[in-house]
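Summary of structural features
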Amino acid sequence: MERSRWLLPLLLMLCLGLGYTVLSMPEPVEGLPEMLVDNMEVAGVSNPVTAVLLNFRGYDTLLEMGVLLVALLGVWSLGGIPDYRESSPGLVLDIMSRQLVPVLILVAGYLLWVGADAPGGAFQAGSLLGAAGVLLLLCGWRIGNRCSGLPLRFLLILGLGMFVVAGTGLLLIGGEFLQYPSPVARELILMIEAAATLSIGATLAAMFLGSLPGGADK
Amino acid sequence: MSYVYLYALLGVSLFVLGLNALIVHAHLLRKILAVNVMSTGVFLVLVALSSRNEEVLPDPVPHAMVITGIVVSVSATALALILMLKVNRATGKNELPDRGRD
Amino acid sequence: MELILGDVPWIVVLIILPLTGGMACFLFPAISKSLGLLTSLAVVACVWGLGWQLEEEGAQRYAIGGWGAPLGIDLYADGLSLLMLVVAALVGLGISVYSCGYFSPDKANHFWPLWLFLCGALNALFLSSDIFNLYVTLELLGLTAVALVALADGAEALTSAMRYLLISLLGSLFYLLGVAFLYHSFGSLDIAILAQRAEPSPAVWAAVGLISTGLLLKTALFPMHFWLPAAHACAPTPVSALLSALVVKASFYILLRMWLEIFPMVGTSFAQLLGLLGAAAVLWGGIQALRQTRLKLLIAYSTVSQLGYLFLAFPLGTSLAWKGALYMLLSHAMAKAAMFMAAGNILVLGGHDRIAELSSITQRLPLTLTAFTLAGISIMGLPPSGGFIAKWLLLQASIESGQWWWGIILILGGLLAAAYVFKVIGHVFTQDEPTRQAGTLPTTMEWSALVLALVAVLLGLFTSWPLAIMEIGSPFGTGHSG
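Residues numbered from 1 in each chain as written. Chains lettered and ligands numbered in written order. Predicted model: local features only at pLDDT ≥ 70, side-chain atom pairs only at ≥ 80, totals over all residues. Heavy atoms only, no water.

Some remarks on the packing of aromatic side chains
- Under the criterion given, the structure shown has 19 aromatic pairs over all chains.
- On the basis of an interplanar angle of 75° and a centroid distance of 5.3 Å, the ring pair of Phe111(C) and Trp112(C) is categorised as edge-to-face.
- Take Trp112(C): its relative accessible area is 1%, and that puts it in the buried class.
- For the ring pair Tyr164(C) and Trp227(C), a centre distance of 4.9 Å and an interplane angle of 5° mean the geometry is stacked. In this pair, Tyr164(C) is assigned in helix α7 (residues 155-186) and Trp227(C) in the loop between α9 (202-219) and α10 (228-234), connecting sequence segments 63 residues apart.
- For Tyr164(C), a relative accessible area of 7% corresponds to the buried category.
- For Trp227(C), a relative accessible area of 2% puts it in the buried group.
- Here a set of aromatic residues connected by ring pairs shows up, and it is made of Phe252(C), Trp259(C), Phe270(C), Phe311(C), Phe314(C) and Trp322(C).
- The ring of Phe26(C) carries the charged tip of Arg153(A) above its face, separated from the ring centre by 4.8 Å. (Phe/Tyr/Trp six-rings, centres within 6.5 Å; stacked < 30°, edge-to-face > 60°. Buried < 20%, exposed > 50% of the residue type's maximum accessible area, 1.4 Å probe, protein only. Helix = DSSP H or I, 4+ residues; strand = E, 2+ residues; numbered from the N terminus. Lys NZ or Arg CZ within 6 Å of the ring centre and 35° of its normal.)

Concerning the interface of chain A and chain B
- Chain A puts 39 residues into the contact, and the matching count from chain B is 34 residues.
- Between chain A and chain B lies a buried interface of about 3300 Å² when both sides are counted; carbon and sulfur atoms form 79% of it.
- Our enumeration of links across chain A and chain B arrives at 0 salt bridges.
- At 9 residues, helix α1 (residues 4-24) of chain A tops the list of elements feeding residues into the side of chain A that touches chain B.
- Taken together, the residues of the side of chain A that touches chain B break down into 28 nonpolar, 6 polar and 5 charged. (Contact = heavy atoms within 4.5 Å. Buried area = accessible area lost by both parts, 1.4 Å probe. Salt bridge = Lys/Arg side-chain N within 4 Å of Asp/Glu carboxyl O. Nonpolar A, V, L, I, M, F, W, Y, C, P; charged D, E, K, R; others polar.)

Looking at the UniProt feature "transmembrane region" (unreviewed entry) in chain A
Residue and element names in this part refer to chain A.
- Those places that UniProt annotates as "transmembrane region" (unreviewed entry) correspond, in this numbering, to residues 62-79, 100-116, 122-141, 153-173 and 188-209.
- End C-alpha atoms of residues 62-79 are separated by 27 Å, and the span's content is 89% helix alongside 0% strand.
- Secondary structure content for residues 153-173 is 95% helix and 0% strand, while the C-alpha to C-alpha distance between its ends is 29 Å. (UniProt positions renumbered as here; feature names shortened; annotations may be inferred.)

A short note on the interface of chain C and chain A
- If you look at the interface, chain C gives 52 residues, while chain A gives 47 residues.
- At the boundary of chain C with chain A, total buried surface from both sides reaches about 4400 Å², with 77% on carbon and sulfur atoms.
- The largest contributions to the chain C side of the interface with chain A come from Phe26(C), Trp67(C) and Leu71(C), which together make up 18% of the buried area.
- In this structure, the connection of chain C to chain A is made through 1 salt bridge.
- Between Arg57(A) and Asp130(C) there is a salt bridge whose closest N-O contact spans 2.7 Å.
- Looking at the side of chain C that touches chain A, the elements that each hand over two or more residues are α2 (10-27), β1 (60-63), α5 (105-127), α6 (131-149), α7 and α9 of chain C.

So this is what it looks like as structure tokens:
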């Protein structure tokens, strides 16, 4: 309680100061948008956000796939929740997920494809896949022991791995790191996005499960 | 003055509100939510200010930054939540011990 | 040979290599130890390659995707980045060697991928020239660091990891809001372009405040250090070493870059404030370290104190002062990693790190004891050691710029450091009955501590090489150098 006496005025001042800054901010003299428009033809995709995410600033996205993977590694290293009891899903959830999961997967595929030219893309598609995975997990579905080792891990690193492989490959054939040659830029971007979508979906679902699949059963 | 600035100001207010909640509340779940509110505020500022000029299309770069930011924030929240559960498991409390907090 | 070496873009390889290593460790846990060691060695080789390139051609800029700033993201390497990379690579190798013997197989499976990702995040951070990209690397770094702290079992480790995570996220958000202001004012995220365009305005001031607050929180400058001692002391020993030696320095590096390039703030009252906080950190950290009864906590508080020295350079603002601060960073990284490793050895063999009962353990660990003492020499700043050279440079800078009072802080901090180092060493040398405890220590764990401590001391004898690295690309401007 002692603290609230000075905290509130301080935060109010911060709010006012930041608000004033926002209002008084000048518009940049040279913005990026004009430059983006000039380069859109060689970017491979016509959706500017996807072009920025996957091409102009693709390196950010590469590292971000790393962030996602690292968070999952952290979740797994904590070892999950020991006495996490699964309740039976109940009829409503069971039937609903049966109906929803295929639709989610379909919509995810659509979003991935349409992301090249309209709003959408790997992250939106990936989060839908993740949602489908969460629904399945809620219904009591678990990944088979046969797939919980190397295949699952491979799926999880697919996004980051594809990025690194593509970037390095382009480097080896004489370009710069992540410099997509204009004629195949679209294909490369879609390939990376597809890999990223699968990884994001799998990672989100795995985060929801919390513990290492297969390891928890022991 | 357009609506853009209204959104940007809203973003700033969310940032400060989240900061307040982060400091005031002891419960870890509230702290985690507070951090999420703060990040939403930052994202709102980023996106709102990108369409200040109504004659041209909004700048896509902040949009891409926000998508990256959202993924980062989702990852961090996932880690924070499991850590919270673990802290609860280990100490029986949903709060951090008061030591060191000023 | 030279042609091939010269053509390889080491600057990119330095980032991809640890990330690939991390993925490989994740895929094949069975061989993660050898993969980890191999990657650490390869990173050292790559840093050497990059250093060779920089020496030949000067500072380097690399446009990822061929776009070039402001449209794309640029990597930039000069003497400052190279120095940080060298520190990260050398300490990283030491930590890798140490970790081989430290972790149980189960923990090792989690440790190696996380550690290699952290290594990649550090390299990416030191090489990035884009302020939003820096945010992503900061988050990658923060999340790996938190996950590594939580590898230690126990309630204390978990709560300190939780607090560390919240602080880390808070700091990143402050930083990101500052980035948003800078981008929307000047239309670029590239540091070099921002440096040309930035001019004083409310937005810049707000950005300076937000970014500095966020980064200072992460660097744990007094009075925002409250999260550091617990997190650094509770973590597994290799993680303590890398947090104290490398991770806190990463946010300091970003702050330094921004101050040197974007914010023309040298000589303002804000710089004086940073200096004052640094001075307070030196004294407060030293006093707190002296009061600790547990060895790892003592070392962690010593980190708080030593971080303070880095900020003494801000009010001075001369090229000499920056060099002193960087020399401090370099020698502290080596010495502190060695110190934590020594403490870890004691903890592993004796099962506790209560300072008053150390003697019975340390009598069986002569190499570890030597490592601790050598590292202590550098922490105290006695000649010949890296710590001494750093303080000497800072002292010289403070006298040259007429602000002699910062010199007093240097001396007082040294005295406090001597007090807490001797407190430990004094307990070690009291004659006590050696307890007969079973247990042996892998020799790699003792030797890696000793070698890092030796490097910290040798930095006092071979000063020309690190100082020459700092000169590449003149990151501190051509202004008044000593």
